[in-house]
Amino acid sequence: MAGVSSQKRLAVFCSGSGSNFEALAKAGRRGRLGTRIVVMVCDRPDAFAVVRANRYGIPAALLEPKAFGSREAHERAIVEMLKKFRVDLVALAGYMRIVGAQILRAYPGKILNIHPSLLPSFKGAHAVRDALEYGVKITGVSVHLATEELDGGPVILQEAVRVLPADTEESLLKRIHAVEHKIYPEAVRLLARGIKVKGRVIKTK
Ligand code: GAR
């Protein structure tokens, strides 16, 4: 239909600072995302991601779990909201909550997550600290499909980051963020263009 964009519609989920959300929004502005961010979904009212969404003129949907009786009710409300915004794809960007079956079932193979380690190493909420404490010399960033297994879905993109002898969690995180901001828009573009998943292996077009 004339005048109607055929671009896929993306929702970005955040809980905190939202620097990855901003990297995606910036890429979108430059026409380099292959999708349009139509809503930023957030579970915390004090998240700086809300300020960033306002700056980019992207609607922020705040759905606090405590406003709902159960995790199922919270997820149901999120799915309803995604349908209202006619969302096709989802990018989890520092969303510090387990995405459960209701959302996964509504968007099978359509949800990306970014994680600050080379998966399958250092899953969980403290990947940068865990890598430093383990003493690895190389860590990195992974973007993968979200599945029922936490940080366990098929990987679409990865990039290594060297751990330097003087690194603190802060200095390492800074370099990890720089890589995240570069590869997350690329991964979203690849998903939007279409992927094939065979077992654990993703083939991109
Ligand atoms: C990012 O480093 C992301 O990889 C990490 O949270 C940070 C969010 O930063 N996610 C996880 O650890 C998920 N297990 P941001 O809010 O500035 O984008």
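Bear in mind the structure is a predicted one, so any value in this text is a computation, not a measurement. (Residues numbered from 1 in each chain as written. Predicted model: local features only at pLDDT ≥ 70, side-chain atom pairs only at ≥ 80, totals over all residues. Heavy atoms only, no water.)

Caption draft 1: Quick look at the overall build of the protein. The number of helices and strands found in the protein is six helices and nine strands. Radius of gyration (C-alpha) of the protein: 17 Å, near the 17 Å computed for a compact globule of 205 residues. For the protein, the C-alpha atoms occupy an extent of roughly 55 × 40 × 35 Å along the three principal directions. Across the protein, every contact between residues at least 6 apart in sequence was considered, and the portion connecting residues at least 24 apart equals 64%. Of the accessible surface of the protein, which amounts to about 10,900 Å², a share of 53% is contributed by carbon and sulfur atoms. (Helix = DSSP H or I, 4+ residues; strand = E, 2+ residues; numbered from the N terminus. Rg over C-alpha atoms; globule rule 2.2 N^0.38 Å. Contact = heavy atoms within 4.5 Å. Areas by Shrake-Rupley, 256 points an atom, 1.4 Å probe, with all protein chains shown as cover.)

Caption draft 2: How the structure looks around the site of the ligand. Near the ligand, the surroundings consist of 13 residues, among which G18, S19, N20, H115 and E180 are the closest. Within the side chain of S19, an N or O atom sits 2.6 Å from an oxygen atom of the ligand. In the environment of the ligand, an oxygen atom lies 2.4 Å from a nitrogen or oxygen atom belonging to the side chain of E180. At the level of secondary structure, the elements contributing two or more residues to the shell around the ligand comprise α1 (19-29), β5 (111-115) and α6 (169-193). Taken together, the residues that form the shell around the ligand break down as three nonpolar, eight polar and two charged. (Near = heavy atom within 4 Å. Polar contact = N/O pair within 3.5 Å; in protein donor to acceptor, adjacent residues only side chain to side chain. Nonpolar A, V, L, I, M, F, W, Y, C, P; charged D, E, K, R; others polar.)

Caption draft 3: Spotlight on the environment of A27. Tracing the backbone shows A27 in helix α1. Measuring from C-alpha to C-alpha, the distance between A27 and L172 comes to 24 Å, with 145 residues separating the pair along the chain. Those residues in contact with A27 that lie beyond four places of it in its chain are R32, L33 and P185.

Caption draft 4: Expanded view of helix α2 (residues 48-55). Among the residues of α2, those classed as buried are A49, R52 and A53. Buried residues along α2 cover an arc of 100 degrees about the axis, so they all sit on one side. Opposite the buried face of α2, at more than 90 degrees from it, the exposed residues are N54 and R55. Next to the buried residues of α2 lie β1 (8-14), α1, β2 (35-42) and β3 (60-62). Looking one or two residues beyond α2, the residue adopting positive phi is G57, at roughly 70 degrees. (Buried < 20%, exposed > 50% of the residue type's maximum accessible area, 1.4 Å probe, protein only. Arc of directions from axis to C-beta.)

Caption draft 5: Layout of the nonpolar core. Ranked by size, the top nonpolar core spans 40 residues in total, and within it V12, F21, I37, L112 and Y184 carry the most contacts. Here this core takes ten residues from α6, the largest share from any one element. A11, F13, V41 and I78 belong to the second-largest nonpolar core, a separate cluster that totals 22 residues. (Core = buried A, V, L, I, M, F, W, Y, C linked by side-chain atoms within 4.5 Å.)

Caption draft 6: Examining the packing of aromatic side chains more closely. According to the stated counting rule, one finds two aromatic pairs in the structure shown. Relative to Y95, the ring of F13 lies with its centre 5.1 Å away and its plane at 80 degrees, an arrangement referred to as edge-to-face. Of this pair, F13 sits in strand β1 while Y95 sits in the loop between β4 (89-92) and α4 (101-106), and the two are 82 residues apart along the sequence. With a relative accessible area of 0%, F13 lands in the buried category. Classification of Y95 by relative accessible area gives buried; the value is 8%. Judged by centre distance (5.7 Å) and plane angle (70 degrees), the ring pair of F122 and Y134 falls under edge-to-face. With a gap of twelve residues between them, F122 in the loop between β5 and α5 (127-134) and Y134 in helix α5 connect regions that are remote in the sequence. For Y134, a relative accessible area of 64% corresponds to the exposed category. (Phe/Tyr/Trp six-rings, centres within 6.5 Å; stacked < 30°, edge-to-face > 60°.)

Caption draft 7: Molecular detail of the sheet that holds β4. Read across the sheet, seven strands follow the order β3-β2-β1-β4-β5-β6-β7 without closing on themselves; strand pairing throughout is mixed. The sheet is open, and its two edges are formed by β3 and β7 (155-162), each paired on a single side. Put simply, the sheet's adjacent strands are angled 20 degrees from each other on average, direction ignored. With three bridges connecting them, β2 and β3 associate as parallel partners. Paired with M40 across the bridge in β3 is A60. Sitting on the sheet, α1 touches β1, β2, β4 and β5, and the angle it makes with β2 is about 160 degrees. (Pairing = 2+ DSSP bridges. Axes fitted to C-alpha atoms, helices over the stretch in contact; angles between N-to-C directions.)

This is a description of form; function is not addressed.
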